[in-house]
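# Structural overview
Here is how the chains run, residue by residue.
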Amino acid sequence: MSHPLTRVLTLLELLQSNARLTGMELADRLDTDVRTVRRYTAHLRELGIPVQAERGRYGGYRLARGYRMPPLVLTNDEALAVVLGLLAAERLGMGTAAPASAGALAKIERVLPHALREPLAAMRETLSFTANAVIGQAPGTGVLLALAQASRARATVGISHQSWRQEHTERDIDPYGVVFHTGRWYVVGHDHLRDSLRTFRIDRIASVTPRADSFTAPEGFDPVAHLTSTLAQGPYRWRVEVTIHGPLDEIARRLPRSAVTLTAQPTGVLMHARAERLVGMAHLLASLEWPFTIHHPDELRQALKDLAAQLAESAERAPGETLQ
């Protein structure tokens, strides 16, 4: 960062990205001294950018409240990163209630120079994904942002919630974290109404109201682990318990976290899961490369035998032979 102009532009970027920075903090970021920082801020003021300075030992610099910079120019790499991010978010079902992704993409394309707009449009029109698009119920933008802010600030909020049975309740929660999982947004936290740890789909929350109370999240609490464990224990017909004789890390990469919980054991990995149909569980186990031992239910053994018989029959079927 040897050129003064580069430092001035970096100073502007730092002021846009931070509410307030001291002269010493800016000097460290710019690899210079406080006196030079004052000179750079004077250059920005000469360009019409309202940089405000606070005097005193702990004084600092910030942009005037309400000031908005003109749109920044994106490099080719930055524009591609933004476009790919918007396309991926749409594919994953990460959108909100408003068509924000489509609107943002359209705005970006309008302000880009023609030489960059055409290649990015080609990327958008020709890009394909190996996975199917996820279609989920999108939450309201205001609700999602309010829950994220409350989670970061460790602030209690009131929510207006409607259950899958269409039952409406008003309750206070301590939001420990926001999680996106397979096309849906969730908030995990302590529910004051039930006095228990609960998970709520955010698209079923109509409004969020700040409360004056604050909270402390449990030490080491992992919202993702709690959510996936809760979903794996859903109200399915069969409770499955199987030991898979293989390495935990590799098994975890092969099995859906929303469907199973895995625990390391001396003889392998103990898998707990819920299943509505044992045929699907038989297919899942048969797809693994490691041997396994079934603990529960015994009906799963027959489902595996039936699958093995179907595979054996298919292996013996000659070309042109009609199915019975």
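Residues numbered from 1 in each chain as written. Predicted model: local features only at pLDDT ≥ 70, side-chain atom pairs only at ≥ 80, totals over all residues. Heavy atoms only, no water.

An unreviewed UniProt entry annotates the protein chain as Transcriptional regulator of Streptomyces capitiformicae.

The sheet built from three strands is open, its strands ordered β1-β3-β2 with antiparallel pairing. The strands lining the two open edges of the sheet, one partner per strand, are β1 (21-22) and β2 (51-53). One ladder, built from three bridges, connects β2 with strand β3 (residues 60-63); its direction is antiparallel. When the bridges of β3 are listed, A53 appears paired with Y61. (Pairing = 2+ DSSP bridges. Helix = DSSP H or I, 4+ residues; strand = E, 2+ residues; numbered from the N terminus.)

The next point concerns the pattern of salt bridges. Here the structure, examined in full by the defined rule, presents ten salt bridges. A salt bridge links R211 to D172; its shortest N-O distance comes to 3.0 Å. Separated by 39 residues along the polypeptide, R211 in strand β8 (residues 205-214) and D172 in strand β5 (residues 168-181) bring together distant segments of the chain. With relative accessibility at 37%, the residue R211 sits in the partly exposed group. With relative accessibility at 23%, the residue D172 sits in the partly exposed group. (Salt bridge = Lys/Arg side-chain N within 4 Å of Asp/Glu carboxyl O. Buried < 20%, exposed > 50% of the residue type's maximum accessible area, 1.4 Å probe, protein only.)

What follows covers the packing of aromatic side chains. Across all of its chains, the model carries three aromatic pairs by this definition. For the pair Y176 and F215, a centre-to-centre distance of 5.7 Å together with 50° between the ring planes defines the contact as tilted. Of the two residues, Y176 is situated in strand β5 and F215 in the loop between β8 and α8 (223-232); the sequence distance between them amounts to 39 residues. Neither Y176 nor F215 differs from the other in exposure class; each is buried. (Phe/Tyr/Trp six-rings, centres within 6.5 Å; stacked < 30°, edge-to-face > 60°.)

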